[in-house]
Amino acid sequence: MLAAPVQLHRAAILNPLDPSSWNYREDGVCAVQKGSVLASGSVASMLAEFPKSELVEHDGVLLPGFTDLHCHWVQHAVRGAYSGELLQWLQEYIWPEEGRFVDEALARKQVKTFYSDMLRAGTVMGLSFSSVHRAATEVALAEMRGDWVVGNALMAINAPAYLTRYSQHEAEELNTFVENVSKEHYAITPRFAPNMRAQDLRVAGQIADAQNLLVQTHLAESRAELCWVKELFPEAESYTDVYDRAGLLGPRTVLAHCIEMSDAEWACLADRGSWVAHCPSSNEALGNSRMPLEKLREYGIPWALASDIGAGPSHSMLHVLQRFFAVHESAGLEVSATEGLYRATLAGAAAMGRAAVAGNLMPGKRADFIVMPGKPKAEDLTGWFRDLCEGKTEELERRPLETWLSGKRIEPQGVS
Ligand SMILES: [Zn+2]
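No experiment lies behind these values; they were computed from the predicted model shown. (Residues numbered from 1 in each chain as written. Predicted model: local features only at pLDDT ≥ 70, side-chain atom pairs only at ≥ 80, totals over all residues. Heavy atoms only, no water.)

Side note on the sheet that holds strand S10 (residues 253–257)
Line of reasoning, step 1. On the basis of which strands lie adjacent, the open sheet formed by five strands has the order S8-S9-S10-S11-S12 and parallel pairing. Every interior strand has two partners, whereas the edge strands, strand S8 (187–188) and strand S12 (303–305), have only one.
Line of reasoning, step 2. Bridge count between strand S9 (residues 214–219) and S10: five bridges; the pairing is parallel. In the strand pairing of S10, His218 is matched with Ala256.
Line of reasoning, step 3. Contacts between helix H13 (residues 317–329) and the sheet are confined to strand S11 (275–278) and S12, with S12 contributing the most and set at about 115° to the helix. (Pairing = 2+ DSSP bridges. Helix = DSSP H or I, 4+ residues; strand = E, 2+ residues; numbered from the N terminus. Contact = heavy atoms within 4.5 Å. Axes fitted to C-alpha atoms, helices over the stretch in contact; angles between N-to-C directions.)

Next up, the structure:
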């Protein structure tokens, strides 16, 4: 039997390994077979090992596609359009916008734009909130391009009836929903504590646990939100404790923001092994405080970067990286380019339970990669990467020269 054909991708190759290291080859080859990385190495060694293969030359730096660990695809069309205090922003702009997704045709149109814009910007996987609607969530799963995990937002209370009436938070309906979707691509998604009663959160926690599903929610994003949670859940010791009591915190849980947190709460997250989705551009846009990165480091909490569109003004992970460097460096912290790239790729894949199959270019992983402009020398690599993250959102969203999924080029790259 003939072996499957091998494609050799020649480029400068940058492969993130961990927060403090990456591997860089100024002129190398990444060999791809059946949509996966087979091997990579020097041009001479790869040509010798795979002599009759197709050679694809790229004029730029090949690196793994980005992972966006927290975003709302139903807010993509209004990303950056509104700002203001979190709770007011939700009530005045975002909830009415999400209410429109009761229209399945609208959902279908918008989700196509979302996936093609994400691929155009170099994001190949991630974790996304849908609206409350069953059909909109099913459309997001059916039209998926890349590797996404999506969940219908669960909103039982403290929201307009045009949303709560569609929420699937009751045990029976949520179980039925879960039965009918791909568990690999579905996350239990309580919007945030104020939209749920303690018993609703417990139901969500039980189903996530029984089905071993990812959980995504928001935690401690603003001070006003924190005050509201204290009023709504007087029995809980903290906002984090509200989720912990419901059994929602574990290593398959991703918590967006985590800004207004006490030491006891950080210790709880560390103990449960839960992930933080850090959204620096969103936090800036809504005027929230800086997420205390030093606490994540102190407590050894796993985390990855995320756009949080539509509060985040851009779905470009280059823009997220730009704001990540800016907000923490202006607070006197050291943040490295190696860490930035790792948190925008492999860390997010690990949070999604995909570290063995995605997130960087190690042999055996999916050949999901992008090509960025430039051919830096090894000694200029950090400067090149920092420059890559500079510019306006519109430029950054279109900066990748090519995006490839499972060894196939996404065409046309010009789709907006
Ligand atoms: Zn969010």
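Additional details are given in the paragraphs that follow.
Brief notes about the domain arrangement of the protein chain
Line of reasoning, step 1. Domain annotation of the protein chain identifies domain 1 (6–65 + 360–409) and domain 2 (66–351).
Line of reasoning, step 2. Spacing between the C-alpha centres of domain 1 and domain 2 amounts to 29 Å.
Line of reasoning, step 3. Carbon and sulfur atoms make up 65% of the area that domain 1 and domain 2 hide from each other, which totals about 2600 Å².
Line of reasoning, step 4. Broken down residue by residue, the surface that domain 1 buries against domain 2 is led by Pro19, Arg386 and Glu397, which jointly contribute 24%. (Domains from an automatic or database assignment. Buried area = accessible area lost by both parts, 1.4 Å probe.)

Let's talk about the coordination of the zinc ion
Line of reasoning, step 1. All of the protein donors around the zinc ion are His70 (NE2), His72 (NE2), His218 (NE2) and Asp308 (OD); their distances to the metal are 2.0 to 2.3 Å.
Line of reasoning, step 2. Going along the chain, you hit the donors of the zinc ion in the pattern H-x1-H-x145-H-x89-D. In this pair, His218 is assigned in strand S9 and Asp308 in the loop between S12 and H13, connecting sequence segments 90 residues apart.
Line of reasoning, step 3. Assessed through its relative accessible area of 7%, His218 is described here as buried. (Donors = N, O, S within 2.8 Å, 3.2 Å for Na, K, Ca; no water. Buried < 20%, exposed > 50% of the residue type's maximum accessible area, 1.4 Å probe, protein only.)

Remarks on the side chain of Asp308
Line of reasoning, step 1. One buried charge, Asp308, has no salt-bridge partner; the nearest side chain with opposite charge is Arg191, at 7.9 Å.
Line of reasoning, step 2. A distance of 2.7 Å separates a polar atom in the side chain of Asp308 from a polar atom in the side chain of Ser282. (Lys, Arg positive; Asp, Glu negative; His and termini not counted. Salt bridge = Lys/Arg side-chain N within 4 Å of Asp/Glu carboxyl O. Polar contact = N/O pair within 3.5 Å; in protein donor to acceptor, adjacent residues only side chain to side chain.)

Some thoughts on the nonpolar core
Line of reasoning, step 1. Of all hydrophobic cores here, the largest spans 103 residues; its most connected members are Trp73, Ile188, Tyr243, Leu269 and Phe385.
Line of reasoning, step 2. Two domains each donate at least three residues to this core, and these are domain 1 (6–65 + 360–409) and domain 2 (66–351).
Line of reasoning, step 3. Residues Leu69, Val254, Tyr342 and Ile410 belong to the second largest nonpolar core, which totals 24 residues. (Core = buried A, V, L, I, M, F, W, Y, C linked by side-chain atoms within 4.5 Å.)

Let's talk about the pairing of strand S5 (residues 66–72)
Note on strand geometry: in a regular strand, side chains alternate between the two faces of the sheet.
Line of reasoning, step 1. For S5, the tally of buried residues reaches seven of seven residues, placing the bulk of the element in the interior.
Line of reasoning, step 2. For S5 and strand S6 (residues 123–129), the ladder comprises five bridges, and the chain directions are parallel. Residue pairing in the sheet places Phe66 in a bridge with Thr123 of S6.

Structural notes on the sheet that holds strand S7 (residues 147–151)
Line of reasoning, step 1. Taken together, three strands build an open sheet; the order of strands is S5-S6-S7 and the sheet is parallel. A strand with exactly one partner marks an edge of an open sheet, and here the two such strands are S5 and S7. With strand direction ignored, the average angle separating the axes of adjacent strands in the sheet is 15°.
Line of reasoning, step 2. Relative to the sheet, H13 contacts S5 and S6, its axis offset from that of S5 by approximately 85°.

Brief notes about the packing of H13 against helix H16 (residues 381–388)
Line of reasoning, step 1. Across the interface, H13 lies against H16 with an axial gap of 9 Å and an inter-helix angle of 110°. The angle between H13 and H16 places the two elements in the roughly perpendicular class. Contacts between H13 and H16 involve Leu318, Leu321, Phe325 and Glu329 from the former and Phe385, Arg386 and Leu388 from the latter.
Line of reasoning, step 2. Looking at the contact of H13 with H16 residue by residue, the classes come out as five nonpolar, no polar and two charged. (Parallel < 35°, antiparallel > 145°, perpendicular 65-115°, else oblique. Nonpolar A, V, L, I, M, F, W, Y, C, P; charged D, E, K, R; others polar.)

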